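Structural description and commentary
Chain by chain, the residues:
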Amino acid sequence: MRTEAKNSWITRQLSNDDKIPYDLLLLGDETIEAINQYIFDSDIYIVEQKDKVIAIYALYSLNQDEIEIKNIAVDKAFQGQGIGRFLLQDATIKAKEKKYKTILIGTADTATKQLHLYRTAGFVVYEIKKGFFTDNYPATIMEDGIQLKDMVMLRKTIK
Ligand code: ACO
């Protein structure tokens, strides 16, 4: 099913014939190896503009009740226009259609802007995964001069 917003962004589920847009997914995660741990078992939704994929999210089922947004990304040229917020709404609608009760998302504890977005979209912090980025990735990950260590997990009840 397609979801259309006021601003006319539309998501479409990536089909098996489509190439996986790793360039975009690599904005939301650090390595292709990490992405490949979940992407083949995820439902992937994209926003296109003139046949170019400009935004993406991947929904991964954890169990009957919980689904996680494992990756969300907007092409740099299109960031800051509300597409990320639209994707979170769209993901929640998709999760509701699939009868999930809770939608989850995780990000680095240093990701201030992302945390602001998720919190204002109704997600609430419930866990800190200590050492997630040091234990699960082979190389040190630096962002804005800070080493990524802990992952903040947030969740939202789907009404
Ligand atoms: N740059 C600017 N503002 C941001 C950013 C960012 N990187 N991230 C979040 N925000 C804030 C804005 O200030 C805005 O707040 P406001 O509405 O109160 O003013 C809010 O988030 C929503 O902004 P949008 O325009 O809807 O966000 P955008 O379309 O830029 O998408 C996203 C947000 C997906 C985080 C995007 O910036 C991006 O792709 N960043 C790089 C990849 C990334 O960090 N992905 C998330 C990793 S965690 C995970 O994938 C599970």
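Our structure is the block above this text.
Overview of the site of the ligand
Around the ligand there are 23 residues in total, and Val 74, Gly 82, Gly 84, Gln 114 and His 116 lie nearest to it. Take Gln 81: an N or O atom from its main chain is 3.1 Å from an oxygen atom of the ligand. In the complex, the protein chains occlude 77% of the 910 Å² of accessible area that the ligand would expose alone. Mapped onto the shell around the ligand, the elements with two or more residues apiece are helix H1 (22–28), strand E5 (66–74), helix H3 (83–97), strand E6 (102–108) and helix H4 (112–120).

Description of the side chain of Thr 107
Its place among the elements puts Thr 107 in strand E6. Residue Thr 107 is classed as buried on the basis of its relative accessible area, which comes to 11%. When neighbours within four sequence positions are excluded, Thr 107 is seen to be in contact with Gln 114, Leu 115, Tyr 118, Asp 150, Met 151 and Val 152.

Observations concerning the environment of Ser 42
Considering the arrangement of structural elements, one finds Ser 42 in strand E3 (residues 42–49). A residue is classified by how much of its surface remains accessible, and Ser 42, at 10% relative accessible area, is buried. Spatially, the C-alpha atoms of Ser 42 and Thr 110 are 26 Å apart, while their sequence positions differ by 68 residues. Not counting chain neighbours up to four residues away, the residues in contact with Ser 42 comprise Ala 58, Leu 59 and Tyr 60.

Some details on the nonpolar core
In terms of nonpolar packing, the biggest core is built from 29 residues, with Ile 69, Leu 87, Leu 88, Ile 103 and Phe 123 touching the most fellow members. If you list the elements that add at least two residues to this core, you get E3, strand E4 (52–61), E5, H3, E6, H4 and strand E10 (151–157). Looking at which element gives the most residues to this core, the answer is H3, with six residues. Setting aside residues no more than four positions away along its own chain, Leu 88 makes contact with Ile 69, Ile 72, Ile 105, Leu 117, Tyr 118, Ala 121 and Phe 123.

Structural notes on the pattern of salt bridges
Oppositely charged side chains can form a pair if their charged atoms are brought close together. In the structure shown here, the tally under the stated rule is eight salt bridges. Each of Arg 12, Asp 18 and Glu 48 takes part in one network of salt bridges that share partners.

Structural notes on the environment of Val 124
For Val 124, the position within the fold is in strand E7 (residues 124–129). Residue contacts for Val 124: discarding those within four places in its chain leaves Met 153, Leu 154 and Arg 155.

Details of the packing of aromatic side chains
Tallied over the full model, the rule gives six aromatic pairs. With a centroid separation of 5.2 Å and an interplanar angle of 80°, the aromatic rings of Phe 132 and Phe 133 are classed as edge-to-face. Side by side, Phe 132 and Phe 133 carry an identical accessibility label, which is buried. Members of the aromatic cluster, connected to one another through ring pairs, are Phe 132, Phe 133 and Tyr 137. The ring of Tyr 60 carries Lys 70 above its face, with NZ or CZ at 5.4 Å from the centroid.

Examining unusual backbone geometry
Unusually for a residue other than glycine, Lys 50 sits at a positive phi of about 50°. With respect to the secondary-structure elements, Lys 50 resides in the loop between E3 and E4. Taking relative accessible area as the criterion, Lys 50 reaches 82% and is therefore assigned exposed. Look at Lys 99: it is not a glycine, yet its phi comes out positive at around 70°. You can see Lys 99 is positioned in the loop between H3 and E6. Residue classification places Lys 99 among the exposed residues on the basis of a relative accessible area of 67%.

The rules behind each value
- Residues numbered from 1 in each chain as written.
- Predicted model: local features only at pLDDT ≥ 70, side-chain atom pairs only at ≥ 80, totals over all residues.
- Heavy atoms only, no water.
- Near = heavy atom within 4 Å.
- Polar contact = N/O pair within 3.5 Å; in protein donor to acceptor, adjacent residues only side chain to side chain.
- Areas by Shrake-Rupley, 256 points an atom, 1.4 Å probe, with all protein chains shown as cover.
- Helix = DSSP H or I, 4+ residues; strand = E, 2+ residues; numbered from the N terminus.
- Buried < 20%, exposed > 50% of the residue type's maximum accessible area, 1.4 Å probe, protein only.
- Contact = heavy atoms within 4.5 Å.
- Core = buried A, V, L, I, M, F, W, Y, C linked by side-chain atoms within 4.5 Å.
- Salt bridge = Lys/Arg side-chain N within 4 Å of Asp/Glu carboxyl O.
- Phe/Tyr/Trp six-rings, centres within 6.5 Å; stacked < 30°, edge-to-face > 60°.
- Lys NZ or Arg CZ within 6 Å of the ring centre and 35° of its normal.

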